[in-house]
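Now for the letters of each chain:
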Amino acid sequence: MPTVEVGDLKDDDFLLDVREDDEWQAGHAEGALHVPISEFVARYGEVTEAAPQDGRVHVICRSGGRSAQVTMYLVQQGLSLIKISEPRRLGRIC
């Protein structure tokens, strides 16, 4: 799976934050779509509606476990995923 360094993210890159509500409220990347992993399957349509036409989705969580689960699901659905290396560098989101 392709990986992007935090410093290489572009302003218009699509970020999907799958952390839970309390983590999101503690801080998050501006412009990220928040869909907690506990609600992900039920809210999958929101992701497909919001994702860019090229399907490139950058999935983030605190340590990588939840984003890996969501990434596997999205790949099975045909989206192109890009892992963000060192998500903690996004600032207060992690």
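It should be emphasised that the depicted structure is a prediction, and the values quoted were computed from it without experimental measurement. (Residues numbered from 1 in each chain as written. Predicted model: local features only at pLDDT ≥ 70, side-chain atom pairs only at ≥ 80, totals over all residues. Heavy atoms only, no water.)

This part takes up the overall build of the protein. In terms of regular secondary structure, the protein is built from three helices and five strands. Taken from the N to the C terminus, the helices and strands of the protein come in the order β-β-α-β-α-β-α-β. Here the protein holds 94 residues, and the buried ones make up 44% of them. A separation of at least 24 residues holds for 63% of the contacts in the protein among residues at least 6 apart in sequence. Entry remark: accessible area of the protein is about 5500 Å², with carbon and sulfur atoms responsible for 45%. (Helix = DSSP H or I, 4+ residues; strand = E, 2+ residues; numbered from the N terminus. Buried < 20%, exposed > 50% of the residue type's maximum accessible area, 1.4 Å probe, protein only. Contact = heavy atoms within 4.5 Å. Areas by Shrake-Rupley, 256 points an atom, 1.4 Å probe, with all protein chains shown as cover.)

What follows covers the nonpolar core. With 15 residues, the main nonpolar core has Leu-16, Phe-40, Val-47, Val-57, Val-59, Val-70 and Leu-74 as its most contacted residues. Of all the elements in the fold, those that place two or more residues in this core are helix 2 (44–50), strand 4 (56–60) and helix 3 (65–76). Listed in part, the six residues of the second largest apolar core include Val-4, Leu-9, Ala-29 and Ala-32. (Core = buried A, V, L, I, M, F, W, Y, C linked by side-chain atoms within 4.5 Å.)

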